[in-house]
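# Chain and residue survey
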Amino acid sequence: MERETLLIHNGYETDPQTGALGVPILQTSTFDQGDLSEHREFDYARSGNPTRKALEDIIAALEGGAGGYAFGSGIAAVSSVLGILSAGDHIIAAEDVYGGTWRILNTFYKRWGLSVTPVDTTDPDRIREAIRPNTRALFLETPSNPLLKITDLRTCLGIAREAGIISIVDNTFMTPLLQRPLELGADIVVHSATKFLGGHSDVVSGLAVTRDEALGKRIYAVQNSFGAVPGPWDVWLVIRGIKTLKVRLKAQEESAAKLVRHLTGRPRVSAVFYPGLADHPGRDIHEAQASGAGAVFSFKTETAEQALRFLGRVKYAAAAVSLGGVETIASYPVRMSHAAMPPEERARLGITDTLIRISVGLEDPGDLIADFDNALNLRI
Ligand SMILES: *Cc1c(COP(=O)(O)O)cnc(C)c1O
C-alpha cells in the first residue's frame, strides 16, 4: 500500500462500534474497570485514551515504526524523547535545530546534567569528531530552519548506529509523505504536528515514533510519568488533518516551486533557499532521501528595510511564526524564531536581517506571485 492510501486506510477509517467514518472523540479522564477481574487497555487518560491511540497508531504506520506517541506540542515530544536520557549523558545536535529544541537542550536539560555539542551536520565528519565516551544521542533536522540546509541522513545515521548512539530526527518539514527517517536508519522520529500534519493552523500537537518496541517503552514511560499529553479534541484535529495531507502538501509544494522560480534572480531578491533549486547545496542528497522539496523556502532581500517593507505590505501572507498551514506565512527569523540567538552566532549561520522564511499555503499561486511582487515593489 502506498503512503497516500495509508493516510486514509490506516485501520481507523471506520469505528467498529458504530460504523462512523471518523474516530470518536472520547472526552473522558478515566475508564470504568468493572469488577477488576481483568486488566483493561485504558484506565486513566494520561496513560492512554482511545482517540489518542488512533493518532499514535496512524503516525507509527506512516513513519514505518513500532510505536507512536502523541504529545501536547512538538516541543513536548522533543522534551519527552530527550527525557529518556540521564544526567551525565552527552548529545550531539545540529547547530541549526529548531529554536525551541535548542532552548530545552541549553537551559532546562543543561540544569539536569545533559551536555550538548552543536555541530554543522551538513558535514558528517563533524559528528564523528564530536563523539565522546558518554555520547548517547544524535539529534538531526533536515531540511533545517530557516536556510533549508541538508543533512545526509543515511551517512549520519550510520555513524550513530556504528557508535551505539540513539539517533533522533525531527521530520516536521517533510512529513512521512516526503521523507521517512526510520527507513534511512533513525531510531526515533519527532514531529511538530502543529505544522503540516495538523495543517490548518488550529492546533498545537507533537508526535514521536520509534523504530523498535524497547525504545518505545522508554518513551511511553516518560509520556506517562511526565504527562505532556494532548487532549482528545486536539488529537482528533490532527487525525483529520492527516487525511488531507497529500493534496495539501502537493499543492503547497507546487506553489512553492513556482514562487521560488519567480523570485530567483529578481531585483531586490539577493538569494533564494529551497531544496528544489538545482544549485541548492545538498540538493542531490535531499533527492536521494526525500521525495519532494516541500513547501517551505526562504529568501534574502538586499536590505533590511526591504525585508520589513515586504512583511508590512504582503497581503496573502501573515507575518507570523509557524508553518505548514493552509495559509501562507512569512516569518522574520531575526525577530521571531532566532531572536534569542546572539547576533554573532546568527551572522555565522547566515541568518541576517534581510532573511524571510515563507511557508506556502493553498492560495492561488498566481495571486501569491502578484502579491509578492507588489510587496517587493517589483511591479512595473
Ligand atoms: C514548530 C517546530 C517544533 C516545535 O513544535 P511546537 O508544536 O511548536 O511545540 C519543532 N521542530 C520543528 C522543526 C518545528 O518547526
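Conventions we followed
Residues numbered from 1 in each chain as written. Predicted model: local features only at pLDDT ≥ 70, side-chain atom pairs only at ≥ 80, totals over all residues. Heavy atoms only, no water. Pairing = 2+ DSSP bridges. Helix = DSSP H or I, 4+ residues; strand = E, 2+ residues; numbered from the N terminus. Axes fitted to C-alpha atoms, helices over the stretch in contact; angles between N-to-C directions. Contact = heavy atoms within 4.5 Å. Near = heavy atom within 4 Å. Polar contact = N/O pair within 3.5 Å; in protein donor to acceptor, adjacent residues only side chain to side chain. Areas by Shrake-Rupley, 256 points an atom, 1.4 Å probe, with all protein chains shown as cover. Nonpolar A, V, L, I, M, F, W, Y, C, P; charged D, E, K, R; others polar. Buried < 20%, exposed > 50% of the residue type's maximum accessible area, 1.4 Å probe, protein only. Domains from an automatic or database assignment. Buried area = accessible area lost by both parts, 1.4 Å probe. Salt bridge = Lys/Arg side-chain N within 4 Å of Asp/Glu carboxyl O.

In a beta sheet, neighbouring strands pair by backbone hydrogen bonds and run either parallel or antiparallel. Pairing is mixed in the open sheet, where seven strands are placed in the order E1-E7-E6-E5-E4-E2-E3. The open sheet is flanked by strand E1 (67–71) and strand E3 (115–119), the only strands paired with a single partner. Taking each pair of neighbouring strands and ignoring which way they run, the sheet shows an average axis angle of 20 degrees. In the sheet, E1 pairs with strand E7 (residues 206–210) via five bridges, with the strands oriented antiparallel. In the sheet register, Phe 71 faces E7, and the bridge partner there is Gly 206. Strands E1, strand E2 (90–94), strand E4 (135–141), strand E5 (166–170), strand E6 (188–192) and E7 of the sheet are contacted by helix H3 (residues 74–82), whose axis makes an angle of about 155 degrees with E6. Contacting E2, E3 and E4, helix H4 (residues 99–111) runs over the sheet at an angle of about 140 degrees to E3.

Near the ligand there are 13 residues, and of these Ile 75, Asp 170, Ser 192, Thr 194 and Lys 195 occur at the shortest range. Between the ligand and Gly 74 there is a distance of 2.8 Å, counted from an oxygen atom to a backbone nitrogen or oxygen. Interatomic distance of 2.8 Å between a backbone N/O atom of Ile 75 and an oxygen atom of the ligand. Considering the ligand on its own, with 380 Å² of exposed area, one finds that the protein chains cover 92% of that surface. In terms of residue class, the shell around the ligand is made up of four nonpolar, six polar and three charged.

Before going further, it helps to spend a moment on helix H14 (residues 365–375). The α-helix advances 3.6 residues per turn, and as a result positions three or four apart in sequence lie on the same side. What H14 keeps buried is the set Pro 365, Leu 368, Ile 369, Asp 371, Phe 372, Asp 373 and Ala 375. Its buried side turned inward, H14 meets helix H10 (245–263), strand E9 (296–301), helix H12 (304–313), strand E10 (317–319), strand E11 (328–331) and strand E12 (355–359). For H14, the N-terminal capping position is held by Asp 364, with its side-chain oxygen 3.0 Å away from the main-chain nitrogen of Gly 366. Positive backbone phi, approximately 60 degrees, marks Asn 377, located one or two places after H14.

Attention now moves to the domain arrangement of the protein chain. One widely used convention gives an interface's size as the accessible area the parts lose upon coming together. By the assigned domains, the protein chain splits into domain 1 (3–243) and domain 2 (245–375). Between the C-alpha centres of domain 1 and domain 2 the distance comes to 26 Å. Taken together, the contact between domain 1 and domain 2 spans 34 residues of the former and 39 residues of the latter. In total, about 3000 Å² of surface goes out of reach between domain 1 and domain 2, with carbon and sulfur atoms giving 62% of it. Broken down residue by residue, the surface that domain 1 buries against domain 2 is led by Leu 147, Leu 178 and Phe 196, which jointly contribute 23%. Applying the counting criterion to the domain 1 and domain 2 interface returns one salt bridge.

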